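If you want the building blocks of each chain, they are given just below.
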Amino acid sequence: QGVQEPRTASRPPLYVDVKFVKVRINEAIVERAVYIAIGVDLEGNKSVLDYEVRDREDLDGWKSFLGGLVSRGVSRVDVVVSDDFSGLDRVVSTLFPSSEHQLCITHLIRNLMRVLPDKEKDELMRVRDLKSSRNVEEGKKAISSLSQLVEPFSPARAKRLLDAADKYCAFLNFPREVRHYLYT
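Calculation criteria
Residues numbered from 1 in each chain as written. Predicted model: local features only at pLDDT ≥ 70, side-chain atom pairs only at ≥ 80, totals over all residues. Heavy atoms only, no water. Core = buried A, V, L, I, M, F, W, Y, C linked by side-chain atoms within 4.5 Å. Buried < 20%, exposed > 50% of the residue type's maximum accessible area, 1.4 Å probe, protein only. Helix = DSSP H or I, 4+ residues; strand = E, 2+ residues; numbered from the N terminus. Contact = heavy atoms within 4.5 Å. Polar contact = N/O pair within 3.5 Å; in protein donor to acceptor, adjacent residues only side chain to side chain. Salt bridge = Lys/Arg side-chain N within 4 Å of Asp/Glu carboxyl O.

Caption draft 1: Local environment of the nonpolar core. Ranked by size, the top nonpolar core spans 30 residues in total, and within it Leu130, Ile143, Leu146, Tyr168 and Phe171 carry the most contacts. At the level of secondary structure, the elements contributing two or more residues to this core comprise strand S4 (79-82), helix H3 (105-115), helix H4 (127-131), helix H5 (136-150), helix H6 (155-163), helix H7 (165-168) and helix H8 (176-182). Considering each element in turn, this core owes the most residues, five residues, to H5. Look past the residues within four positions of Ile143 in its chain and what remains in contact with it is Leu130, Leu161, Leu162, Ala165, Tyr168 and Cys169. Counting 16 residues, the second-largest nonpolar core is a separate cluster that includes Trp62, Leu69, Val80 and Phe96.

Caption draft 2: Spotlight on the side chain of Asp50. Mapped onto the secondary structure, Asp50 falls in strand S3 (residues 46-54). Note on Asp50: relative accessible area 19%, which makes it buried. Separated by 2.4 Å, the side chains of Asp50 and Arg72 make a polar contact.

Caption draft 3: Main features of the pattern of salt bridges. One pass over the structure, following the stated rule, counts twelve salt bridges. The closest approach of N and O atoms between Asp84 and Arg160, which form a salt bridge, is 2.8 Å. With a gap of 76 residues between them, Asp84 in the loop between S4 and helix H2 (88-95) and Arg160 in helix H6 connect regions that are remote in the sequence. Classification of Asp84 by relative accessible area gives partly exposed; the value is 24%. The salt bridge involving Asp166 is made with Lys140; its shortest N-O contact spans 2.6 Å. Here Lys140 lies in helix H5 and Asp166 lies in helix H7, a separation of 26 residues in the sequence. Classification of Asp166 as partly exposed rests on a relative accessible area of 48%.

What follows is the structure in structure tokens.
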């Protein structure tokens, strides 16, 4: 198999996430999910494209929120960056079929911090190996190393990490000069 030529970054990335906030409704303080989409132009300027407040984060919410973006013309993006919310990958691939789906490395680190004992947390510096990888093959080796680190403490998380390796390495399909915008 030959080396795949990196994609061009001709269309800006789309970042999507949910932020949980506490709001007052009548006399009660309740938590709500704020779905947010941020676009970045080719000069690196960020802008909020849309946001929506919902009771919780779920797949129906993602389908509705991202479907609303598509219906307003946001459909041709090179890469969608998100966390690893279960099932979101299928929604992204359905609504943005020509886009890569990059999983957020910042979310990855936060999630791994929750399962690793304190004495192992310094080993998360291995993420630098992923960020500095020259190609997808090197990136997958870095993901494998992280998975091996996590496996004794959370076999399920280690497996999920390996299963999602392509999505953690999607930024490596793009030119070096734009990669730092993509892995977050």
